[in-house]
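Observations on the three-dimensional arrangement
Here is how the chains run, residue by residue.
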Amino acid sequence: GAGVSQSPSNKVTEKGKDVELRCDPISGHTALYWYRQSLGQGLEFLIYFQGNSAPDKSGLPSDRFSAERTGGSVSTLTIQRTQQEDSAVYLCASSISYGEREQYFGPGTRLTVT
Amino acid sequence: GESVGLHLPTLSVQEGDNSIINCAYSNSASDYFIWYKQESGKGPQFIIDIRSNMDKRQGQRVTVLLNKTVKHLSLQIAATQPGDSAVYFCAENIGGTGANNLFFGTGTRLTVIP
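Below is a short write-up of the structure. Bear in mind the structure is a predicted one, so any value in this text is a computation, not a measurement. The residue numbering used here restarts from 1 in each chain and proceeds along that chain's sequence as written. As they are written, the chains are lettered A onward and the ligands numbered 1 onward, keeping that order. For this predicted model, a pLDDT threshold of at least 70 governs which residues receive local features, and a threshold of 80 or more governs which side-chain atom pairs are given and counted, while totals over whole chains, interfaces and linings are taken from all residues. Only heavy atoms go into the side-chain values, all of them from the structure, while hydrogens and water stay out.

Side note on the sheet that holds strand β7 (residues 75–79) of chain A
Residue and element names in this part refer to chain A.
- Paired strands, in this sense, are two strands between which DSSP finds at least two bridges. Numbering goes from the N terminus for both helices and strands, where a helix is a DSSP run of H or I of at least four residues and a strand is a run of E of at least two. Read from one edge to the other, the open sheet built from four strands follows the order β1-β3-β7-β6, with strand pairing classed as antiparallel. Looking at which strands have only one partner, the edges of the open sheet turn out to be β1 (5–7) and β6 (65–69). Taken pair by pair, the neighbouring strands of this sheet meet at an average axis angle of 15 degrees, ignoring direction.
- Bridge count for strand β3 (residues 19–24) against β7 is five bridges, and the pairing is antiparallel. Note on method: axes are straight lines fitted to C-alpha atoms, helices fitted across the in-contact stretch only, with angles between N-to-C directions ranging 0 to 180 degrees.

Following this line, the structure appears as structure tokens:
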């Protein structure tokens, strides 16, 4: 079956603009995760969804970041008023259920803020 | 957050040789560890995991060794192949099964020389 997909694969935006990143998890996976991977850094956990709810938003770097998930499937990560330090690869992963340690990652969206 | 480090940022091996990638962790309460492989332009891929009550676990061509005394984890790849070229990083799980309990290292780039 299809794996996790993300779009766009690359996004270049000007500082101050808003961006939306999309994640399509594996069908039937109830848990969905967003991570950020900056150059030379380990994966940074941002937020997870169990179904459509996100119980813990403490990993989001600032209030410019938000995420939603509808229908228990597709999720969007929105970054408002982008800053240069937001430049990174944003990875989405899904798992059968929350707490299932084997997560399946998408290819990521490379965001460059100029 | 917790940091998980790697001894070597890059590793080059000849095709057919064995590879050993190391990871040091800092939290003695870590109860679970995962190794990921990340090829260029792709998301991380789960390779193998090990619980803290084990010293060794074997998969297909890979072996993970855990030394809790010195808080050291290693990934051994037997008969390394060109397709093994990637960044490998470890993750440690601390205190729960949530995504925000998983902390990732920065990675070692493995290059296999044909």
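Section: the state of the cysteines
- A pair of sulfur atoms, both from cysteines and within 2.5 Å, is called a disulfide here. Under the definition given, this model contains two disulfides over all chains.
- Put simply, C23 of chain A and C92 of chain A are joined by a disulfide, and their sulfur atoms are 1.8 Å apart. Between C23 of chain A and C92 of chain A, the disulfide has an S-S torsion of -65 degrees and is therefore left-handed. Of this pair, C23 of chain A sits in strand β3 while C92 of chain A sits in strand β8 (residues 88–95), and the two are 69 residues apart along the sequence.
- When a residue's accessible area, from a 1.4 Å probe over protein chains only, is under 20% of the maximum for its type it is buried; when over 50% it is exposed; and in between it is partly exposed. C92 of chain A sits in the buried class, given a relative accessible area of 0%.
- A sulfur-sulfur distance of 1.7 Å marks the disulfide that ties C23 of chain B to C90 of chain B.

Considering the interface of chain B and chain A
- Should any heavy atoms of two residues lie within 4.5 Å, those residues are considered in contact. Each partner contributes residues to the interface: chain B has 22 residues there, and chain A has 18 residues.
- Summed over both partners, the accessible area lost on bringing two parts together, with a 1.4 Å probe, is the buried area. Between chain B and chain A, roughly 1600 Å² of surface is buried when both sides are summed, and carbon and sulfur atoms account for 56% of that area.
- The salt bridge criterion pairs a side-chain nitrogen of Lys or Arg with a carboxyl oxygen of Asp or Glu, the two atoms within 4 Å. Where chain B meets chain A, there are zero salt bridges.
- Think of a polar contact as two N or O atoms within 3.5 Å of one another; within protein, one of them needs to be a possible hydrogen donor and the other a possible acceptor, and neighboring residues in sequence only count if both atoms come from side chains. There are two residue pairs in polar contact (both at pLDDT 80 or more) connecting chain B and chain A.
- Those elements that provide at least two residues to the side of chain B that touches chain A are β4 (30–38), β5 (45–51), β9 (86–94) and β10 (102–104) of chain B.
- When residues of the side of chain B that touches chain A are assigned to their parent elements, the largest contribution, five residues, is made by β4 of chain B.

Remarks on unusual backbone geometry
- With an omega of -10 degrees, the peptide bond running from S7 of chain A to P8 of chain A counts as cis.
- Considering the arrangement of structural elements, one finds P8 of chain A in the loop between β1 and β2 (10–13).
- A positive phi angle, close to 65 degrees, is found at R61 of chain B, a residue other than glycine.
- Along the polypeptide, R61 of chain B turns up in the loop between β6 (56–58) and β7 (62–67).
- On the basis of relative accessibility, which here comes to 31%, the residue R61 of chain B falls in the partly exposed class.
- Phi angles above zero are rare outside glycine, and A79 of chain B is one such case at about 45 degrees.
- For A79 of chain B, the location among the structural elements is in the loop between β8 (72–77) and β9.

Notes on the side chain of Q6 of chain A
All names here are of chain A.
- You can see Q6 is positioned in strand β1.
- Polar contacts involving the side chain of Q6 include one to the main-chain amide nitrogen of C92, which spans 3.0 Å.
- Reaching out from Q6, the side chain makes a polar contact with the backbone nitrogen of G108 at a distance of 2.9 Å.
- If we skip the residues at most four places from it in the chain, Q6 touches R22, C23, W34, Y90, L91, C92, G106, P107, G108 and T109.

Re the packing of aromatic side chains
- Pairing of aromatic rings covers Phe, Tyr and the six-membered ring of Trp, with a centre-to-centre limit of 6.5 Å; geometry is then stacked below 30 degrees between planes, edge-to-face above 60, and tilted otherwise. In total, this model carries eleven aromatic pairs over all chains according to the counting rule given.
- Pairing Y35 of chain A with F45 of chain A gives two aromatic rings, centres 6.0 Å apart and planes at 70 degrees, and the pair type is edge-to-face. A residue pair is termed long-range when its members are at least 10 positions apart, and Y35 of chain A in strand β4 (residues 31–37) and F45 of chain A in strand β5 (residues 44–50) qualify at ten residues.
- The exposure class assigned to Y35 of chain A is buried, which follows from its relative accessible area of 0%.
- Given a relative accessible area of 11%, F45 of chain A falls into the buried group.
- Pairing Y35 of chain A with F104 of chain B gives two aromatic rings, centres 5.4 Å apart and planes at 85 degrees, and the pair type is edge-to-face. Of this pair, Y35 of chain A sits in strand β4 while F104 of chain B sits in strand β10, which puts the two residues in different chains. One exposure class covers both Y35 of chain A and F104 of chain B, and it is buried.
- By the ring-pair criterion, three or more aromatic residues cluster together here, those being Y35, F45, Y48 and F105 of chain A together with Y36, F46, F89 and F104 of chain B.

Just geometry here; none of it tells us what the structure is for.
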